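Residues per chain are reported as follows:
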Amino acid sequence: MPIDKFKKLRSTAVPLPIENIDTDQIIPARFLKAIERKGFGDNLFRDWRYDQNNKPISGFVLNNPAYTGQILVAGENFGSGSSREHAAWALYDYGFRVVVSSFFADIFKNNALNNGLLPVQVTPEFLEKIFTTIRKNTRAYFEVELVNQQFTILETRENFHFDISEYKKECLLKGYDDIDYLLSLKEKIEEFENQQG
């Protein structure tokens, strides 16, 4: 599945102020049989979204029509647990392009970046400002600008400069995964090899 180029996103946000969300909660292990990235969004947060009879749980945020958008705002320590890449696949397939937290598990962070999902790590104080904004207005808009690495609360114009490696930044801007990036260097690699003669 191709990865969308990411430059700038302006969107409402879905608040999930729960700490220590692990990959098994993001996508339960029983849904990991597929090897393609398609269809995982249907089971994102499955055990929180649906009861044992597969009926939507009304109290869960993804089942609340008041909250929409391509930005998921989560509590501290998002993506802990197993190293399953499917967690990033499920979030991306559902329609999220950005996940905001005050801390990400390293493996999840790398899996997200490899699959076109931008993890934006902010301070706990700025995270609380985002949650407060959404509580006051479920339709509040936020802007994520990758070139300048800025996350902005548009209602207050407060912004946060987030970190990202230059390599992963370039991959997201061009819509590359690691293999696409290597293929983009094919001519330079061949030229180098020819010079070595």
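Refer to the structure above for everything that follows.
Since this is a predicted model, take the numbers as computed values, not measurements.

Rules behind the numbers
- Sequence order as written defines the numbering, with residues in each chain counted from 1.
- Only residues with pLDDT of 70 or above have their local features reported here, since the model is predicted, and side-chain atom pairs are shown and tallied only from 80 upward, although totals for entire chains, interfaces and linings are computed over all residues.
- The side-chain quantities take in all heavy atoms of the structure and omit both hydrogens and water.
- For our purposes a nonpolar core is just a set of buried Ala, Val, Leu, Ile, Met, Phe, Trp, Tyr and Cys residues, chained together by side-chain atoms within 4.5 Å.
- Using a 1.4 Å probe on the protein chains alone, a residue whose accessible area is under 20% of its type maximum counts as buried, one over 50% counts as exposed, and one in between counts as partly exposed.
- By the criteria applied, helices consist of DSSP H or I runs no shorter than four residues and strands consist of E runs no shorter than two, each listed in order from the N terminus.
- A contact between two residues is defined here by any heavy atoms of the two lying within 4.5 Å.
- Within 6.5 Å between ring centres, the rings of Phe, Tyr and Trp (the latter by its six-membered ring) count as paired, and their orientation is classed by plane angle as stacked under 30 degrees, edge-to-face over 60, tilted in between.
- Whether a charge lies above a ring is judged from NZ of Lys or CZ of Arg, which has to be within 6 Å of the ring centre and within 35 degrees of the ring normal.
- When a carboxyl oxygen of Asp or Glu lies within 4 Å of a side-chain nitrogen of Lys or Arg, that pair is called a salt bridge.
- DSSP bridges decide pairing: two strands pair if at least two such bridges lie between them.
- Structural elements are reduced to axes, namely lines fitted to C-alpha atoms, with helices fitted over the stretch in contact, and the angle between N-to-C directions of any two is expressed from 0 to 180 degrees.

1. Looking at the nonpolar core
Then, in step 1: Judged by nonpolar contacts, the single largest core of 27 residues is most densely connected at Ile71, Val100, Leu118, Val144 and Phe151.
Then, in step 2: The greatest single-element share of this core, amounting to five residues, is contributed by helix H5 (residues 124–136).
Then, in step 3: Other than its neighbours up to four places away in sequence, Phe151 contacts Ile71, Val100, Val120, Phe126, Ile130, Phe142, Glu143, Val144, Glu158, Asn159, Phe160 and Phe162.
Then, in step 4: Counting 25 residues, the second-largest nonpolar core is a separate cluster that includes Ala74, Phe78, Phe104 and Ala112.

2. Details of the packing of aromatic side chains
When we look at a pair of aromatic rings, we describe it by the centre distance and by the angle of the planes.
Then, in step 1: In the structure shown here, the tally under the stated rule is eleven aromatic pairs.
Then, in step 2: When the centroid spacing of 5.3 Å and the interplanar angle of 25° are considered together, the rings of Tyr94 and Phe96 count as stacked.
Then, in step 3: Taking relative accessible area as the criterion, Phe96 reaches 0% and is therefore assigned buried.
Then, in step 4: Through a chain of ring-to-ring contacts, the aromatic side chains of Phe126, Phe142, Phe151 and Phe160 assemble into a single cluster.
Then, in step 5: The positively charged end of Arg46 is found above the aromatic ring belonging to Tyr50, 4.3 Å away from the centroid.

3. Comments concerning the pattern of salt bridges
Then, in step 1: Applying the stated criterion across every chain, the model contains seven salt bridges.
Then, in step 2: For Asp4, the salt bridge identified is with Arg97, shortest N-O distance 3.5 Å. Of this pair, Asp4 sits in the segment before strand E1 (8–11) while Arg97 sits in the loop between helix H3 (86–94) and strand E4 (98–101), and the two are 93 residues apart along the sequence.
Then, in step 3: Assessed through its relative accessible area of 40%, Asp4 is described here as partly exposed.
Then, in step 4: For Arg97, a relative accessible area of 15% puts it in the buried group.
Then, in step 5: Residue Arg84 is joined to Asp24 by a salt bridge in which the shortest nitrogen-to-oxygen separation is 3.0 Å. Of this pair, Arg84 sits in the loop between strand E3 (71–74) and H3 while Asp24 is found in helix H1 (residues 23–26), placing the two residues 60 residues apart along the sequence.

4. Describing the sheet that holds E3
Then, in step 1: If you trace the four strands from one edge of the open sheet to the other, you get E2-E3-E4-E5, paired in parallel fashion. Edge positions in the open sheet fall to strand E2 (13–16) and strand E5 (118–121), since each of these has one partner strand only. Averaged over all neighbouring strand pairs, the angle between strand axes comes to 20°, with direction disregarded.
Then, in step 2: Pairing of E2 with E3, which is carried by four bridges, proceeds in the parallel orientation.

5. Quick notes on the environment of Lys169
Then, in step 1: The residue Lys169 is located in helix H6 (residues 166–174) in this model.
Then, in step 2: Lys169 sits 22 residues away from Val147 along the chain, and the two C-alpha atoms are 8.0 Å apart.
Then, in step 3: With residues near it in sequence (within four places) discarded, Lys169 still touches Leu146, Val147, Gln149 and Ile164.

6. Side note on the sheet that holds E1
In a beta sheet, neighbouring strands are held together by backbone hydrogen bonds and run either parallel or antiparallel to one another.
Then, in step 1: Here four strands make up an open sheet; going across it, the order is E1-E6-E7-E8 and the pairing antiparallel. At either margin of the open sheet sits one strand with a lone partner, and together these are E1 and strand E8 (158–161). Each strand of the sheet is rotated relative to its neighbour by a mean of 15°, with strand direction disregarded.
Then, in step 2: Sheet topology note: the E1/strand E6 (residues 142–145) ladder contains four bridges and is antiparallel. By the bridge assignment for E6, Lys8 is matched with Glu145.
Then, in step 3: Taken strand by strand, H5 contacts E6, strand E7 (150–153) and E8, and its axis lies near 40° from that of E7.

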